[in-house]
Amino acid sequence: MTTLDRLGLYTEMVRIRQYESRILQEYHADKTPAWDIGAGLIPGEMHLSAGQEPAAVGVCAHLRKGDAITAPHRPHHFALAHGVDMNAMTAEIYGRTTGLCQGKGGHMHLFDAENHFSCSGIIAQGYPVACGQALAMTRRGTDNVAIAVAGEGAANQGAFHESLNLAALWNLPVVFVIEDNDWAISVPRAGSTANTSNADRAAGYGMPGVRIEDNDVEAVFEAAGAAIDRARAGDGPSLIEVHTLRLWGHFEGDAQAYRDDMENIDDRDPIPRYAAALTAAGDLTEAKAAEITAAADAEVDAAIQFALQSPIPEPADALLHVFA
Amino acid sequence: MTTLDRLGLYTEMVRIRQYESRILQEYHADKTPAWDIGAGLIPGEMHLSAGQEPAAVGVCAHLRKGDAITAPHRPHHFALAHGVDMNAMTAEIYGRTTGLCQGKGGHMHLFDAENHFSCSGIIAQGYPVACGQALAMTRRGTDNVAIAVAGEGAANQGAFHESLNLAALWNLPVVFVIEDNDWAISVPRAGSTANTSNADRAAGYGMPGVRIEDNDVEAVFEAAGAAIDRARAGDGPSLIEVHTLRLWGHFEGDAQAYRDDMENIDDRDPIPRYAAALTAAGDLTEAKAAEITAAADAEVDAAIQFALQSPIPEPADALLHVFA
Amino acid sequence: MTTTESPTRRITTAKAMAEAIGHEMRADPNVFVMGEDVGAYGGIFGSTTDLFAEFGADRVMDTPISETGFIGAGIGAAVEGMRPVVELMFVDFYGVCMDQISNHMAKIHYESGGAVNVPMVLMSATGGGYSDAAQHSQCLWGTFAHLPGMKVVVPSNPYDAKGLMASAIQDDNPVIYLFHKGGQGLVWMEKNPRSIADVPETPFTVPIGEAAIAREGTDVTIVTLSLSVQHSLDVAEQLAEEGISVEIIDLRSLVPLDRQTVLESVAKTGKLLVVDEDYKSFGLSGEIAAIVAETDPTMLTKPMSRLAVPDVPIPYARSLEYGILPTRDKIAAAVKDLLA
Amino acid sequence: MTTTESPTRRITTAKAMAEAIGHEMRADPNVFVMGEDVGAYGGIFGSTTDLFAEFGADRVMDTPISETGFIGAGIGAAVEGMRPVVELMFVDFYGVCMDQISNHMAKIHYESGGAVNVPMVLMSATGGGYSDAAQHSQCLWGTFAHLPGMKVVVPSNPYDAKGLMASAIQDDNPVIYLFHKGGQGLVWMEKNPRSIADVPETPFTVPIGEAAIAREGTDVTIVTLSLSVQHSLDVAEQLAEEGISVEIIDLRSLVPLDRQTVLESVAKTGKLLVVDEDYKSFGLSGEIAAIVAETDPTMLTKPMSRLAVPDVPIPYARSLEYGILPTRDKIAAAVKDLLA
Ligand SMILES: Cc1ncc(C[n+]2csc(CCOP(=O)(O)OP(=O)(O)O)c2C)c(N)n1
Ligand SMILES: Cc1ncc(C[n+]2csc(CCOP(=O)(O)OP(=O)(O)O)c2C)c(N)n1
Ligand SMILES: [Mg+2]
Ligand SMILES: [Mg+2]
């Protein structure tokens, strides 16, 4: 990897983190004093991805025009890393007419046809859809790939099994990405999963599987590169499990009383860790880091402003778009 | 194994085969000239198990009072081997008031509460139910086990995955039995399953899995014995895949035009093969074999007579039993 | 929409479906078929007869028994602009894949604010009458019609089967296409003669959302669909000899629902019988009642009547099953009760 | 059934549910709880609050995200004589496990000719109003009520929530227990004050199958359920000041459905408004219409009116969502239209 590659990964992780940090702030800003999930400029459930940037950035660095992603309920990091327009995405989260879905979808249902990006709030259900997108790509003779993303909790849902078997059976260009952040809401991995690595499950479908233990963006980048090349070459699907970190609550408002792994959790934050590594390697200076953060903040701020200045949908428009 | 054990396995396989052969004959007897699936004394779909006796007999030889079985759409061999009353089962298949379910269930929905036997026509859906029966057994502190049966085609259904994970996670006394008869209706195993042995999938749940290649009842007996002992001892679930043989059509009326493995299929019939082995070993004589067959025929004939002499349900009784 | 000039032949409903799919596959390379045993077998109920021979395994794909997997894959392919025709072998199996159907197939277009289309057909076999019991004999069209975002079509005869399939495949929306096993004209199942009828050879469409007046009458309106249309026509012919004039509305499509045709007929006869092989409560028969009650309940010169499966699972024994199915005898009796 | 002597305190609907489950667990060792985050977390919507602390992981079991697996396991345990209380976190997730629910939980008793019971409660969160969008805001009670073999209860207040939960657990049949997130009295969600009310400390039951007359009136009948009962009561109080007398029927149970109470009220007022947060077509509002239309349509002195989600998925933006939810304003307007 070149310095440029490394800085690219770092820059994108920072961009996502600055975005999520700002959404965190805006989300809670107007829900006080009596915290009401439905109130404020950003209503509804909010699943943020802070700590999980390495998975999204390491994978998406390899994607090109026409490649598809199906993300789960925690979609922002993959959406941004895949090039979904930050303004339109933010406007959607704010429920505005300029949003990706004109305010109909919301944060768990972001659809960007141009970038073949979608997400779903139903656990593991993006996996079969990605298989179908991959099927269409092969039928059309392109070398595009589909990335299916889910959490470690989702790997115990039937759709996971059916999708892996289907993709392997039909030799589809899919890369299944599992973000193992140790938790499914309040249920620890050991409470949901009978084995310790979903990479081992890949063998049951005769597909390669790797598990990346340390939330290291470069390791993800390498593994994803190999898996995506394999898919483009027509050699079939792969599975990558990234042992990552849920820095914040499952959703905003989650008090995390159940959580026993909070002690110096910030030491495990992958972004400062990567910054330190890059600095040590001479790839990053404090000035450069500040510049990257400032650029991200500026972009995020512009996106928030865009959303805030966009119109709120007319109630009657709720009746549109049931059918094409 | 003693001669007695061997003869016991043989006798039960013959009993099942004679039963299925007679049902085959009775089922078709009154559907001519214009073959109508809904007509005749035995109406509806009919999935017979000829050729698959080794799986049922080898497993059920180890079961005791209180042990449970959930079988799929092809249930007769497991029902009989588990001790379901032949008269009541036959009367159910004939849709009579003396049937296991008073004529409401039919051949795919046989319920015998006393023997904790049930089956379902929906693929793989008996797997979760068996897990729950096993859960109840452990909560009650018994050493009973639950046997979950499905075909190789069913092993690609989400319920298979969820059940294996749940059983391993909760260390439940379940033995998952897969009858691989090479076909799921017209779809060959290679057309449905990305890998060659479901025993390999067991590893993905950290549970032992074995595949028995040659439809050998004694091999099934040995493997099932180990798995059931393990479950009774509280050491958790196992998976056994038996490579067996679908001697007849998927259901009766299936012309099997798709089938490319019919050539001297009778040579692969496990019952004559086992008879020959037993005879060679001096465990079975022609006279004894004839006696076993005759006894089975007599029991089967009595069951058919019982069914035929039983009353047909009153139409109005269809309104009963929606709620307890 | 019909090309009445084109030569017709008598074919079964199953053949008519397969013919329409074949036409669309020839016309549009994006159309392909997926499902269990749709290939060499030709579909358990004949809905893909001969397609495998013509188009091969590439466009007529047998699937594993993974309904969530392959229906979800159909959605993904449709989102990318393909036009998959996916078969769910029996509608009774909806429960293993209903999330893909109702939370994804049906909602993606709306959730995306109209940005993403899901041009997909999900066809499935419905109905009982041959002792396939509780898990293989349901209709469930009321279940799909209750959930927004999918069109629901329910043909009753070979002509509509072909024309509605063509419309369904050409539609840019997800369409649930529910055929009745007893109306397929299968050689191995008792069938109503109306399951084999004249159908034009050339392609044609039947518009989705328009009910048909299957028979004109003046005394009683029967609102029905699918195989029950065939039974109702038999009954109407028999009652005509007794001087009773029955009008039969074949809904053909539940979503969209042709309220106007229903209302005009009820306004004319003043007497309404809904015949529905689906479960009685919280379904189609209630919706028809509501259409009248929220428009003008005084249209009804007598309380309406509902003949449907009386909220019991479908029993196995023939005597029990025919005890709860809407048979010709029960239809005739219900009509006479309305006139008594 | 009520022990009115026992001391009451003001508690939330969520607490009332958990209290009833706790009582039954103490009374019967066969009762246990399964579901996602029902343990230490206490249920995402508080339905198992404090149960884990008292009964431990053995009887309050967190599950993997395997709804087919653990609901099926609940069925298996019930078949063996246990009385599982299983939570499906959001009713919107029914599609990943509907086969176990409708083809197994609901049918085993019937298929077995009454030989096997499935004494199980499946509780789930319903409803919208807080921008959780299309996959987390549905009610779907009409979907369950259409399918035979399961009782369906839908409490609207803390008292009924406790009494119906006790009845559901004691019932030998499968019971779907649908609570509304907005009626749980959660501290983190906008709530109607009626979500916190006086409830006796001691155990009591509310019979399944009896509707409640939540408010007596003479001008208009509102037939409704769940959170919409609370909204309707608010509207009725406000309209009373304008001299409009509204009778409110809280169905409480859809299966069995208390037809009599509905009919008596409609016979009295002659005017019927159904308020339903589920989808409008092919659901509850149609069934209520049918009850009237098949009994005596002339009861209605005016065409009935239906206020329900107008057959669109639930949109995300608050302006859009409140555009389709049955709000107080829309209820009031619908009542006035009926009287106009
Ligand atoms: C089928 C289904 N079941 C349950 C839920 C509720 N739910 C939403 S997120 C979540 C936990 C997911 O855990 P994981 O897959 O590990 O993803 P993470 O939240 O950790 O990123 C659950 C149970 C759901 N959305 N869909
Ligand atoms: C969920 C579901 N999908 C499809 C079917 C239709 N079906 C019944 S049997 C069968 C084939 C089953 O194959 P396998 O599991 O190998 O069992 P076998 O019939 O070979 O014994 C299929 C597809 C069903 N009953 N349930
Ligand atoms: Mg997780
Ligand atoms: Mg098989």
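Below is a summary of the structure that appears in this document. (Residues numbered from 1 in each chain as written. Chains lettered and ligands numbered in written order. Predicted model: local features only at pLDDT ≥ 70, side-chain atom pairs only at ≥ 80, totals over all residues. Heavy atoms only, no water.)

## Considerations on the coordination of the magnesium ion (ligand 4)
All names here are of chain B. For the magnesium ion (ligand 4), the full set of protein donor atoms is Glu-152 (OE), Asn-181 (OD1) and Trp-183 (O), at a range of 2.1 to 2.2 Å. When the donor residues of the magnesium ion (ligand 4) are listed from N- to C-terminus, their spacing reads E-x28-N-x1-W. Of this pair, Glu-152 sits in the loop between strand S3 (146-151) and helix H6 (158-169) while Asn-181 sits in the loop between strand S4 (174-180) and strand S5 (183-184), placing them 29 residues apart in sequence. Under the relative-accessibility criterion, Glu-152 is labelled buried at 1%. (Donors = N, O, S within 2.8 Å, 3.2 Å for Na, K, Ca; no water. Helix = DSSP H or I, 4+ residues; strand = E, 2+ residues; numbered from the N terminus. Buried < 20%, exposed > 50% of the residue type's maximum accessible area, 1.4 Å probe, protein only.)

## Some details on the sheet that holds strand S11 (residues 246-250) of chain C
Residues and elements named next belong to chain C. The sheet built from five strands is open, its strands ordered S9-S11-S10-S13-S14 with mixed pairing. Either end of the sheet is taken by a strand with one partner, and the two such strands are strand S9 (212-215) and strand S14 (305-309). Neighbouring strand axes in the sheet, compared pairwise and without regard to direction, differ in orientation by 25 degrees on average. Of the strand pairs in this sheet, strand S10 (residues 220-224) and S11 are connected by five bridges, and their pairing is parallel. Bridge pairing in S11 places Val-223 opposite Ile-249. Packing of helix H10 (residues 284-293) onto the sheet brings it into contact with S10, strand S13 (272-279) and S14, and relative to S13 it is tilted by some 150 degrees. (Pairing = 2+ DSSP bridges. Axes fitted to C-alpha atoms, helices over the stretch in contact; angles between N-to-C directions. Contact = heavy atoms within 4.5 Å.)

## Thoughts on helix H2 (residues 53-60) of chain B
Along an α-helix, a turn takes 3.6 residues, which lines up residues three or four apart on a common side. Counting buried residues in H2 of chain B gives eight out of eight residues, a clear majority hidden from the surface. Here H2 of chain B has its buried residues at Glu-53, Pro-54, Ala-55, Ala-56, Val-57, Gly-58, Val-59 and Cys-60 of chain B.

## Focus: the coordination of the magnesium ion (ligand 3)
Residue and element names in this part refer to chain A. The magnesium ion (ligand 3) binds to the protein through Glu-152 (OE), Asn-181 (OD1) and Trp-183 (O); the donor distances cover 2.1 to 2.2 Å. All donors of the magnesium ion (ligand 3) come from a single chain, and their spacing in sequence reads E-x28-N-x1-W. Judged by its relative accessible area of 6%, Asn-181 is buried. A relative accessible area of 7% means that Trp-183 is categorised as buried.

## Side note on the relation of the copies chain D and chain C
The transform that puts chain D on chain C rotates by 180 degrees and translates by 0.0 Å along the axis, for an RMSD of 0.0 Å. Such a turn and shift between the copies fits a two-fold axis. By C-alpha distance to the rotation axis, the residue of chain D lying nearest is Gly-286 of chain D, at 2.1 Å. When you check the interface residues of chain D against chain C, 100% turn up at the interface there too, and the contact is symmetric in its surfaces. (Least-squares fit on C-alpha atoms with pLDDT ≥ 70 in both.)

## Some points on the interface of chain B and chain C
Chain B puts 45 residues into the contact, and the matching count from chain C is 36 residues. For the pair chain B and chain C, the summed buried surface comes to about 3000 Å²; carbon and sulfur atoms form 64% of the total. Applying the counting criterion to the chain B and chain C interface returns 16 residue pairs in polar contact (both at pLDDT 80 or more). Those elements that place two or more of their residues in the side of chain B that touches chain C are helix H4 (86-93) and helix H7 (189-192) of chain B. Residue classes in the side of chain B that touches chain C are distributed as 20 nonpolar, 18 polar and seven charged. (Buried area = accessible area lost by both parts, 1.4 Å probe. Polar contact = N/O pair within 3.5 Å; in protein donor to acceptor, adjacent residues only side chain to side chain. Nonpolar A, V, L, I, M, F, W, Y, C, P; charged D, E, K, R; others polar.)

## Here we look at the packing of helix H1 (residues 3-29) of chain B against helix H9 (residues 217-232) of chain B
Residue and element names in this part refer to chain B. Contact geometry for H1 and H9: axes closest at 11 Å, N-to-C directions at 110 degrees. By the angle class used here, H1 and H9 are roughly perpendicular. Of the two possible hands of crossing, H1 and H9 adopt the one that is right-handed. Contacts between H1 and H9 involve Arg-6, Leu-9 and Met-13 on the former and, on the latter, Val-217, Glu-218 and Phe-221. (Parallel < 35°, antiparallel > 145°, perpendicular 65-115°, else oblique. Left-handed = near helix turned anticlockwise from the far one by under 90°.)

## Digging into the pairing of strand S1 (residues 68-71) of chain B
Residue and element names in this part refer to chain B. Taking every second residue as pointing to the same face, both faces of S1 are buried, with Ala-68 and Thr-70 on one and Ile-69 and Ala-71 on the other. Of the pairings in the sheet, the one linking S1 to S3 comprises three bridges and is parallel in character. Looking at the pairing, Ala-68 lines up with Ala-146 of S3. As defined by bridge partners, S1 adjoins strand S2 (residues 117-119) across three bridges and the pair is classed as parallel. Bridge pairing in S2 links Thr-70 to Ser-118.

## A few points about the site of ligand 1
If you check the shell around ligand 1, you find 20 residues, and the closest are His-73, Gly-121, Asn-181 and Trp-183 of chain A together with Glu-67 of chain D. At the site occupied by ligand 1, nearby residues are drawn from chains A and D. Between His-73 of chain A and ligand 1, the recorded distance is 2.8 Å, taken from a side-chain N or O atom to an oxygen atom. In the environment of ligand 1, an oxygen atom lies 3.0 Å from a nitrogen or oxygen atom belonging to the backbone of Gly-153 of chain A. Summarising the interface, the protein chains cover 98% of the accessible area of ligand 1, which totals 570 Å² for the free molecule. (Near = heavy atom within 4 Å. Areas by Shrake-Rupley, 256 points an atom, 1.4 Å probe, with all protein chains shown as cover.)

## Points about the nonpolar core
Grouped together as the largest cluster of nonpolar side chains are 422 residues, with contacts concentrated most on Phe-144 and Leu-254 of chain C together with Phe-144 and Leu-254 of chain D. Look past the residues within four positions of Leu-254 of chain C in its chain and what remains in contact with it is Trp-141, Ala-145, Val-152, Val-154, Leu-225 and Leu-284 of chain C together with Phe-282 of chain D. (Core = buried A, V, L, I, M, F, W, Y, C linked by side-chain atoms within 4.5 Å.)

## Notes on unusual backbone geometry
A negative phi holds for most residues other than glycine; trans holds for most peptide bonds. The omega torsion of the bond from Val-255 of chain C to Pro-256 of chain C falls at -5 degrees, within 30 degrees of zero and hence cis. Tracing the sequence through the fold places Pro-256 of chain C in the loop between strand S12 (253-255) and helix H9 (259-269). Even without glycine at this site, Ile-185 of chain B takes up a positive phi of about 50 degrees. Mapped onto the fold, Ile-185 of chain B is located in the loop between S5 and strand S6 (187-188). Judged by its relative accessible area of 10%, Ile-185 of chain B is buried.

## Some words on the pattern of salt bridges
With the rule as written, the count across this model stands at 73 salt bridges over all chains. The shortest N-O distance in the salt bridge between Glu-241 of chain A and Arg-189 of chain A comes to 3.1 Å. Of this pair, Glu-241 of chain A sits in strand S9 (residues 238-243) while Arg-189 of chain A is found in helix H7 (residues 189-192), placing the two residues 52 residues apart along the sequence. Arg-189 of chain A matches Glu-241 of chain A in its accessibility class, with the two residues each being buried. Between Arg-232 of chain B and Asp-67 of chain B there is a salt bridge; the shortest N-O distance is 2.6 Å. Of the two residues, Arg-232 of chain B sits in helix H9 while Asp-67 of chain B sits in the loop between H2 and S1, which places them 165 residues apart along the sequence. Neither residue differs from the other here; Arg-232 of chain B and Asp-67 of chain B are each classed as buried. (Salt bridge = Lys/Arg side-chain N within 4 Å of Asp/Glu carboxyl O.)

## What about the packing of aromatic side chains?
Residues and elements named next belong to chain A. Inspection of every chain in the model, using the stated rule, returns 22 aromatic pairs over all chains. Centre to centre, the rings of Tyr-10 and Tyr-274 are 6.4 Å apart; their planes meet at 40 degrees, and the pair counts as tilted. Of this pair, Tyr-10 sits in helix H1 (residues 3-29) while Tyr-274 sits in helix H10 (residues 270-280); the two residues are 264 residues apart in sequence, bridging distant segments of the chain. Each member of the pair, Tyr-10 as well as Tyr-274, is classed as buried. (Phe/Tyr/Trp six-rings, centres within 6.5 Å; stacked < 30°, edge-to-face > 60°.)

## Description of the site of ligand 2
Close contacts around ligand 2 come from 21 residues, with His-73, Gly-121, Asn-181 and Trp-183 of chain B together with Glu-67 of chain C the closest. Ligand 2 sits at the junction of chains B and C, each of which supplies nearby residues. At a separation of 2.8 Å, an oxygen atom of ligand 2 approaches a polar side-chain atom of Arg-74 of chain B. Protein burial of ligand 2: of its 580 Å² of free accessible surface, 98% is covered by the chains. Of the residues contributing to the shell around ligand 2, the split by class is ten nonpolar, seven polar and four charged.

## Some thoughts on helix H2 (residues 51-59) of chain D
Residues and elements named next belong to chain D. For H2, the full list of buried residues reads Leu-51, Phe-55 and Arg-59. The buried residues of H2 occupy an angular sector of 60 degrees when projected down its axis, which confines them to one face. Residues of H2 that are exposed and angled more than 90 degrees away from the buried face: Ala-53 and Ala-57. (Arc of directions from axis to C-beta.)

## Describing the environment of Ala-91 of chain A
Residues and elements named next belong to chain A. Looking at the element boundaries, Ala-91 is found in helix H4 (residues 86-93). Overall, the relative accessible area of 0% leaves Ala-91 in the buried class. Not counting the four nearest positions on each side in its chain, Ala-91 is found in contact with Arg-96, Thr-98, Gly-99, Phe-306 and Ala-307.

## Comments concerning the interface of chain D and chain C
Contacts between chain D and chain C engage 52 residues on the former and 52 residues on the latter. Between chain D and chain C the total buried area reaches about 4400 Å² when both faces are included, carbon and sulfur atoms providing 60% of it. Sorting the residues of chain D by area buried against chain C places Tyr-110, His-146 and Phe-282 of chain D first, and these three jointly supply 21% of that buried surface. In this structure, the salt-bridge partner of Arg-306 of chain C is Glu-287 of chain D, at a minimum N-O distance of 2.9 Å. The tally of links from chain D across to chain C stands at 29 residue pairs in polar contact (both at pLDDT 80 or more). Mapped onto the side of chain D that touches chain C, the elements with two or more residues apiece are helix H4 (98-105), helix H5 (108-111), helix H6 (141-145), strand S13 (272-279) and helix H10 (284-293) of chain D. The dominant element in the side of chain D that touches chain C, judged by the number of residues it contributes, is H10 of chain D, at six residues. Across the side of chain D that touches chain C, the residue classes break down as 26 nonpolar, 13 polar and 13 charged.

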